[in-house]
Amino acid sequence: LESISIQQALDKERKRDVGPSGAWFRVADVGALSISEDRVHAAQFATAAGATLTVLTYGAAVVRLAASETAQSIVLGYDSLDEYEHGSHFLGAVVGRVCNRVYPLRFRVESDGPESFVVGNDGGCTVANHGGKLGFSNRVWRISKVGHEPACEGGVRLVLEREALHGEQGFAGSLRCEAHFSLRDLSRAGCGLELCVDLISTALPGCATVANLTLHPYFNLNPDVTSSVMHSHTLKSRADRAQELAPNCAATSELTRIDEDDCLNFRERRLLASKAPTGGYDRFLLMPADELCRNDGSSTSLREVAELACGTSTLHILSDQPGFQLYTGNFLDAGSAGFLKHQGVCVEPSLYLNAVNFPELPSITLQVGESRSQCTTYRVHLAQ
């Protein structure tokens, strides 16, 4: 069992029907982590029209998303648990407790509350990236629900959960997190699917804490999945501002307007390679400010933040978050990942970056008992 792939482990399990529609799911033990020996499972499920999703309990990572069991996945994924455990690219995982980079590492959620001193894992360990050395992407989540999606006939859903206790990776306060994955068909022909991901954080008794989660899938809509997304994918987005970066790549509180000739201007659809900065994209773009309604900067409803296209295949990304990180897999060829530079593109909606260090930005604080939902929908139409 320890040496077989995630898919081989799943293929040994029986498919369980989800209602009368033809949808199904199955769950498999895919092995144990090398250090903790915690067991890890993979959940695979399919809609009535055959769209499939595979999620790993390690990191709540999306391993595979495809129009059918035999179709090519539109997200990059490793074959084995060992690759996920030792990988460094956050492939398909839920990242947090605070996504992207936190700098400085010391801060207080409240002036009279306990100090957070986050574990650094970037920039010579002076910066915490995606939650620190052992963030949410390196933790085993529990399966709490799997089965029928009540909101749509033929749909399926999975709910994973975990608790991050006070002091985990240096963060003050305890947090309960749930990752809700819902998959449904957009057509009976099997060429369209919709994945909804709702990340819910609740501050547990003790003290206030912070939370800003996102999902980190690498998309490639090209039939030639080894191709560079820079020269095959176009992007369109109404984003009109960007959050500036310090020399160590941590975000600052400075928000600058995206001008017409800016390389970050995607208000008209264009190829990713067109006007691209040296090395590719790795920036946080913000949607028009007049749409932001809540105290944390999020919207009260979903709206399209970006549209990716490759040929006649399209991916519409809708979210209630104020902005998104655009990352073009600039370092995917580093290490032993087996991927090529720019083989996937990430669009990661979230709240403002590094807000723990800038009180002038919308707050990502959660008071005890308070919950936050961060919802993103990936709407896919694939070429037939």
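Every value quoted in this text rests on a predicted model; they were computed, and no experiment measured them.

Quick notes on the rules
Residues numbered from 1 in each chain as written. Predicted model: local features only at pLDDT ≥ 70, side-chain atom pairs only at ≥ 80, totals over all residues. Heavy atoms only, no water. Helix = DSSP H or I, 4+ residues; strand = E, 2+ residues; numbered from the N terminus. Buried < 20%, exposed > 50% of the residue type's maximum accessible area, 1.4 Å probe, protein only. Contact = heavy atoms within 4.5 Å. Areas by Shrake-Rupley, 256 points an atom, 1.4 Å probe, with all protein chains shown as cover. Lys, Arg positive; Asp, Glu negative; His and termini not counted. Charge placed at Lys NZ, Arg CZ, Asp CG, Glu CD. Salt bridge = Lys/Arg side-chain N within 4 Å of Asp/Glu carboxyl O. Pairing = 2+ DSSP bridges. Core = buried A, V, L, I, M, F, W, Y, C linked by side-chain atoms within 4.5 Å. Phe/Tyr/Trp six-rings, centres within 6.5 Å; stacked < 30°, edge-to-face > 60°. Lys NZ or Arg CZ within 6 Å of the ring centre and 35° of its normal. Polar contact = N/O pair within 3.5 Å; in protein donor to acceptor, adjacent residues only side chain to side chain.

Visitor: Could you clarify how one ought to interpret the overall build of the chain in this entry?
Guide: Scanning the chain from terminus to terminus reveals 2 helices and 27 strands. Projected onto the principal axes, the alpha-carbon positions of the chain cover approximately 55 × 50 × 40 Å. Looking at the chain as a whole, 58% of its 384 residues qualify as buried. Here the analysis covers contacts within the chain between residues at least 6 apart in sequence; of these, 62% occur between residues at least 24 apart. When the accessible surface of the chain is summed, it comes to about 15,400 Å², and 49% of that surface belongs to carbon and sulfur atoms. Looking at the chain, you have 34 positive and 45 negative side-chain charges, and the mean spots of the two groups are 2 Å apart.

Visitor: Looking at this model, I keep getting lost on the pattern of salt bridges. Mind explaining?
Guide: Note that side chains of opposite charge can pair when their charged atoms are close. Going through the model one piece at a time under the given rule, you end up with 16 salt bridges. Salt-bridge contacts for Arg101 lead to Asp122; the nearest nitrogen and oxygen are separated by 3.0 Å. Here Arg101 is found in strand β7 (residues 101-102), whereas its partner Asp122 is found in the loop between β9 (115-117) and β10 (128-129), with 21 residues between them in sequence. The class for Arg101 is buried, based on a relative accessible area of 15%.

Visitor: What is the right way to look at the sheet that holds strand β4 (residues 52-56) in this model?
Guide: Across a sheet, paired strands are connected by hydrogen bonds in the backbone, their directions being either parallel or antiparallel. Judged by pairing direction, the sheet is antiparallel, and its 5 strands sit side by side in the order β1-β2-β3-β4-β5 without closing on themselves. For this open sheet the edge positions go to β1 (16-17) and β5 (61-66), each flanked by a neighbour on one side alone. Relative to β5, β4 is paired through 5 bridges, and the arrangement is antiparallel. For Val55, the partnering residue across the bridge sits in β5 and is Val62.

Visitor: I tried to follow the environment of Arg142 on my own but got confused; where do I start?
Guide: With respect to the helices and strands, Arg142 occurs in strand β11 (residues 142-148). With a relative accessible area of 43%, Arg142 lands in the partly exposed category. Placed 21 residues apart in sequence, Arg142 and Glu163 show a C-alpha to C-alpha distance of 9.7 Å.

Visitor: Can you help me understand the nonpolar core in this one?
Guide: The nonpolar side chains of a soluble globular protein tend to be buried, and buried together. By size, the foremost hydrophobic cluster in this structure holds 62 residues, and its most contacted members are Leu53, Phe181, Leu183 and Phe324. Counting residues in each nonpolar core, the second largest holds 24 residues, with Leu10, Val30, Val40 and Leu56 among its members.

Visitor: In this structure, what is going on with the packing of aromatic side chains? I would like to understand it.
Guide: Each aromatic ring pair is specified by the distance between its two centres and by the angle formed by the two planes. Tallying each qualifying case throughout the model produces 7 aromatic pairs. Consider the rings of Tyr78 and Phe339, whose centres lie 5.7 Å apart with planes at 45°: the pair is tilted. With Tyr78 in the loop between β5 and α2 (81-86) and Phe339 in the loop between β24 (323-327) and β25 (346-350), the pair connects residues that are 261 residues apart, well separated along the chain. The interplanar angle of 65° and the centroid separation of 5.5 Å between the aromatic rings of Phe266 and Tyr281 together place this pair among those described as edge-to-face. Taken together, the residues Phe266 in the loop between β19 (251-257) and β20 (270-271) and Tyr281 in the loop between β20 and β21 (282-286) connect sequence positions 15 residues apart. Grouped by ring-pair contacts, the aromatic residues Tyr78, Tyr84 and Phe339 constitute a single cluster. It is Arg106 that lies over the ring of Phe117; its NZ or CZ is 3.8 Å from the centre. The residue whose ring lies beneath Arg270 is Phe266, and the NZ or CZ to ring-centre distance is 4.0 Å.

Visitor: Help me out: how do you make sense of the pairing of β21 in this one?
Guide: Taken residue by residue, a regular strand's side chains alternate between the two faces of the sheet. The sheet contact formed by strand β18 (residues 241-245) and β21 spans 3 bridges and is antiparallel. Residue pairing for β21: Arg241 is matched across the bridge by Leu286. For β21 and β24, the ladder comprises 5 bridges, and the chain directions are antiparallel. Bridging across to β24, Arg283 finds its partner in Leu326.

Visitor: Any chance you could explain the side chain of His216 here in plain terms?
Guide: By the secondary structure assignment, His216 is in the loop between β16 (214-215) and β17 (234-236). With residues up to four places along the chain from it excluded, the contact list for His216 reads His89, Phe90, Leu91, Gly92, Ala93, Val95, His130, Tyr327, Cys346 and Glu348.

Visitor: Help me out: how do you make sense of the sheet that holds β20 in this one?
Guide: Strand order in the open sheet formed by 9 strands is β11-β12-β13-β14-β27-β23-β22-β17-β20, and the pairing between neighbours is antiparallel. Each edge of the sheet is formed by a strand with only one pairing partner; in this case those strands are β11 and β20. Pairing of strand β13 (residues 175-185) with strand β14 (residues 192-203), which is carried by 11 bridges, proceeds in the antiparallel orientation. What sits directly across from Leu183, in β14, is Leu195.

Visitor: Would you mind going over the side chain of Asn265 with me for this structure?
Guide: Checked against the element boundaries, Asn265 lands in the loop between β19 and β20. At 3.0 Å, the side chain of Asn265 and the backbone nitrogen of Arg267 are in polar contact. Setting aside chain neighbours within four positions, we find Asn265 in contact with Ile258, Asp259, Glu260 and Arg270.

Visitor: Can you walk me through unusual backbone geometry in this structure?
Guide: If a residue is not glycine, its phi is most likely negative; likewise, a peptide bond is most likely trans. Backbone torsion omega between Gly96 and Arg97 reads 20°, so that peptide bond is classified as cis. Along the chain, Arg97 turns up in the loop between β6 (94-95) and β7. Looking along the chain, the bond that leaves Tyr103 and enters Pro104 is cis, with omega of -5°. Note that Pro104 resides in the loop between β7 and β8 (106-108). For Cys125, which is not a glycine, the phi torsion comes out positive at approximately 65°. Within the fold, Cys125 resides in the loop between β9 and β10. The backbone phi angle of His130 is positive, close to 55°, even though this residue is not glycine. Here His130 shows up in the loop between β10 and β11. For His130, a relative accessible area of 5% translates into the label buried.

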